[in-house]
Amino acid sequence: MAARLLLRSAVRAAVTRRASPVVALSRGMAAGGIPTDEEQATGLEKKIMDAMKTGSDPFSMLKPKEYAGSKSDPHLVPSITNKRIVGCVCEEDNTAVVWFWLHEGEAQRCPSCGSHYKLVPHELPH
Ligand SMILES: [Zn+2]
């Protein structure tokens, strides 16, 4: 008898509990939740996030693409002027860097190893 009463009150409690409105889960704040990084980013951070979405890299933050260094596939060196100093580590385990000026125009060769480098114009994003 006691078990039946206990079961009945438990079922009644479960039914009345289900009838009450379920509170929707929110992300914390009542007015729409905590803003995401994209929603609250401003300035330079916003520009970087927008650029990353389009796949561009205006601030050269990603690892540079690798080139063969041959005449047909020279290393592309971005520059905002018509020349730039380039340092070539000719062999992977070299401790010395060969520095030379790279000028606008045809691809130039490293004076030590002969790898080809070509200057390409680069626009600063701002
Ligand atoms: Zn070299």
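Source: prediction; values computed, not measured.

**Q** Which residues make up the overall build of the protein chain, and what values do they have?
**A** Counting secondary structure elements, the protein chain contains 3 helices and 5 strands. Ordered by position in the sequence, the α and β elements of the protein chain form the string α-α-α-β-β-β-β-β. Counting all 126 residues of the protein chain, 15% fall into the buried class. Taking as baseline every contact in the protein chain between residues at least 6 positions apart, the subset at least 24 positions apart corresponds to 34%. Accessible surface, the protein chain as shown: approximately 10400 Å² in total, 58% of it carbon and sulfur.

**Q** Talk me through the nonpolar core; I want residue IDs and the actual numbers.
**A** Formed by V77, V86, C88, C90, F100, L102, C110, Y117 and L119, the largest nonpolar core amounts to 9 residues. Listing elements by their share of this core, those giving two or more residues are β2 (83–88), β3 (98–103) and β5 (116–121).

**Q** How would you sum up the coordination of the zinc ion? Please name residues and give values.
**A** Ideal geometry at a metal gives 109.5 degrees between four tetrahedral donors and either 90 or 180 degrees between six octahedral ones. Donor atoms from the polypeptide that coordinate the zinc ion comprise C88 (SG), C90 (SG), C110 (SG) and C113 (SG), at 2.3 Å from the metal. Considering all 4 donor atoms around the zinc ion, the spread of angles at the metal, 107 to 113°, places the coordination shape in the tetrahedral class. On the accessibility criterion, C88 (3% relative accessible area) is buried. By relative accessible area, which is 17% here, C90 ends up buried.

**Q** Any details on the sheet that holds strand β4 (residues 108–109)? Residues and values, ideally.
**A** Spatially, the 3 strands line up as an open sheet ordered β1-β5-β4, and their pairing is mixed. The sheet terminates laterally at β1 (75–79) and β4, the two strands that pair on one side only.

**Q** Break down the packing of aromatic side chains for me, citing the residues and quoting the values.
**A** Enumeration over the complete set of coordinates arrives at 1 aromatic pair. Where F100 meets Y117, the ring centres are 5.6 Å apart and the plane angle is 70°; that geometry is what we call edge-to-face. Taken as a pair, F100 in strand β3 and Y117 in strand β5 lie far apart in primary sequence, 17 residues in all. Across the pair, exposure class does not vary: F100 and Y117 are buried alike.

**Q** Report on the pattern of salt bridges, specifying residues and quantitative values.
**A** As a working rule, side chains carrying opposite charge can pair if their charged atoms are close by. Going through the model one piece at a time under the given rule, you end up with 1 salt bridge. Of the charged contacts in the structure, one is a salt bridge between E66 and K63, with a shortest N-O distance of 3.4 Å.

Cut-off values and rules
Residues numbered from 1 in each chain as written. Predicted model: local features only at pLDDT ≥ 70, side-chain atom pairs only at ≥ 80, totals over all residues. Heavy atoms only, no water. Helix = DSSP H or I, 4+ residues; strand = E, 2+ residues; numbered from the N terminus. Buried < 20%, exposed > 50% of the residue type's maximum accessible area, 1.4 Å probe, protein only. Contact = heavy atoms within 4.5 Å. Areas by Shrake-Rupley, 256 points an atom, 1.4 Å probe, with all protein chains shown as cover. Core = buried A, V, L, I, M, F, W, Y, C linked by side-chain atoms within 4.5 Å. Donors = N, O, S within 2.8 Å, 3.2 Å for Na, K, Ca; no water. Tetrahedral: all angles 85-135°; square planar, octahedral: opposite > 155°, others 65-115°. Pairing = 2+ DSSP bridges. Phe/Tyr/Trp six-rings, centres within 6.5 Å; stacked < 30°, edge-to-face > 60°. Salt bridge = Lys/Arg side-chain N within 4 Å of Asp/Glu carboxyl O.

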